[in-house]
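Summary of structural features
The lines below spell out each chain.
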Amino acid sequence: MAPFRLQSLSPPRALKAARRKLRQAIEWVWRQEGSHGQRARGLAAGVFMGCFPIFGFQTLLGVALASLVRGNHLLAAAGTWISNPITDIPMIWFNHQLGSLLLGPGKGWPGRLTLHHETLRQLGWDFTSRLLLGSAVVGLVMAPLSGVLCLRWLKRRQPLDSGGAHQ
């Protein structure tokens, strides 16, 4: 048996290969089981839970919500990725600002460093209530929007076969 060898690719070829792999991964996700509606509901459930600052539980809760709405579990897990290490602080800030707009100013934004070292309970109800309300409102807007966009994209890209799944 020949030893495993790494192929050395030039940067343009490596980029092309990476794009091809990403495209294959996206196609695999979109080919998941279920009807277009089930896939769209799964994605929407994940996006909704991804709007909340419940790190470590977003995926689990997104999949649980997808079960309740009969959505695709894998797309629910993927939908929670809207909240990630790059987007978490801007999302938390925006959700808090929206909650403050709806409930009144409160004590204000605690700062990025405080957020990393404190739990929501330690930050107090003043901060947490505004953050959770803002997260709920953003989730209630983003989830249906992502579900509708996903459904439209799926219907345009891949018509459901006559013997396939049902909604």
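Report on the accompanying structure. One numbering rule holds for all chains: residues counted from 1, following each sequence as written. The predicted nature of this model means local features are confined to residues of pLDDT at least 70 and side-chain atom pairs, given and counted, to a pLDDT of 80 or more, with totals for whole chains, interfaces and linings taken over all residues. The side-chain values count all of the structure's non-hydrogen atoms but skip hydrogen atoms and water molecules.

1. Section: the overall build of the protein
When you go through the protein residue by residue, the secondary structure sums to eight helices and zero strands. Helical segments are the DSSP runs of H or I of at least four residues, strand segments are the runs of E of at least two, and each set is numbered from the N terminus. The helix and strand sequence of the protein, counted from the amino end, reads α-α-α-α-α-α-α-α. Note on exposure labels: buried denotes an accessible area under 20% of the residue type's maximum, exposed denotes more than 50%, and partly exposed covers the range between, all computed with a 1.4 Å probe on protein chains only. The proportion of buried residues among the 167 residues of the protein is 35%. Whether two residues are in contact is decided by their heavy atoms: any pair within 4.5 Å suffices. Sequence separation of 24 or more characterises 69% of the internal contacts of the protein that already satisfy a separation of 6 or more.

2. Some words on helix α2 (residues 36-50)
With 15 residues, α2 should cover 21 Å at 1.5 Å per step; its first-to-last C-alpha distance of 21 Å lies within 8% of that length. Here α2 lies mainly inside the structure; 13 of its 15 residues are buried. Helix span, as expected, comes to 1.5 Å for every residue beyond the first.

3. A short note on the packing of α2 against helix α8 (residues 125-157)
To get an axis, a line is fitted to the C-alpha atoms, and for a helix only the part in contact is used. The angle between two axes follows their N-to-C directions and goes from 0 to 180 degrees. One can describe the packing of α2 onto α8 by two numbers: an axis separation of 8 Å at closest approach and a directional angle of 155°. Classified by the interaxial angle, the pair formed by α2 and α8 is roughly antiparallel. Crossing handedness for the pair α2 and α8: right-handed. In this structure, α2 uses His36, Gly37, Arg39, Ala40, Leu43, Ala44, Val47 and Phe48 to contact α8, whose residues at the interface are Ala136, Gly139, Leu140, Met142, Ala143, Ser146, Gly147, Cys150, Leu151, Leu154 and Lys155. Just so you know the grouping, Ala, Val, Leu, Ile, Met, Phe, Trp, Tyr, Cys and Pro go in nonpolar, Asp, Glu, Lys and Arg go in charged, and all remaining residues, Gly too, go in polar. Along the lines of polarity and charge, the residues of the contact of α2 with α8 split into twelve nonpolar, five polar and two charged. Between 65 and 115 degrees an angle is taken as roughly perpendicular, under 35 as roughly parallel, over 145 as roughly antiparallel, and anywhere else as oblique. Left-handed describes a crossing in which the near helix is turned anticlockwise from the far one by less than a right angle; the clockwise case is right-handed.

4. What to know about the packing of helix α5 (residues 88-103) against α8
Put simply, α5 and α8 touch, their axes get as near as 7 Å, and they point 100° apart. As summarised for this structure, α5 and α8 are arranged roughly perpendicular, according to the angle between their axes. Together, Ile92, Phe94, Asn95, His96, Leu98, Gly99, Ser100, Leu102 and Leu103 of α5 and Phe127, Ser129, Arg130, Leu131, Leu133, Gly134, Ser135, Val137 and Val138 of α8 make up the contact between the two elements. Residues belonging to the contact of α5 with α8 are distributed by class as follows: ten nonpolar, seven polar and one charged.

5. Description of a positive patch on the surface
On the surface, Arg13, Lys16, Arg19, Arg20, Lys21 and Arg23 cluster together to form a positively charged patch. Its place among the elements puts lysine 21 in helix α1 (residues 11-30). Patch members must show over 30% relative accessible area and no salt bridge, and they are joined within 9 Å when carrying like charges or within 5 Å when they are nonpolar side chains of Val, Leu, Ile, Met, Phe, Trp or Tyr. Residue-level accessible areas treat just the shown protein chains as cover; the underlying method is Shrake-Rupley with a 1.4 Å probe. The rule for a salt bridge is simple: a side-chain nitrogen of Lys or Arg has to be within 4 Å of a carboxyl oxygen of Asp or Glu. Residues counted as positive are Lys and Arg, residues counted as negative are Asp and Glu, and His and the chain ends are not counted. Where a charge lies is defined by one atom per residue type, namely NZ (Lys), CZ (Arg), CG (Asp) and CD (Glu).

6. Notes on α5
With 16 residues, α5 should cover 22 Å at 1.5 Å per step; its first-to-last C-alpha distance of 22 Å lies within 8% of that length. Taken together, the buried positions of α5 are Asp88, Ile89, Met91, Ile92, Asn95, His96, Leu98, Gly99 and Ser100. Where α5 terminates, the next one or two residues include glycine 104, which has phi positive at roughly 110°.

7. Observations concerning the pattern of salt bridges
All chains considered together, the criterion is met by one salt bridge. Aspartate 126 serves as the salt-bridge partner of arginine 130, at 3.3 Å between the closest nitrogen and oxygen. On the criterion of helical spacing, the pair formed by arginine 130 and aspartate 126 is a turn pair, its members being four residues apart in helix α8. Residue aspartate 126 is classed as partly exposed on the basis of its relative accessible area of 23%.

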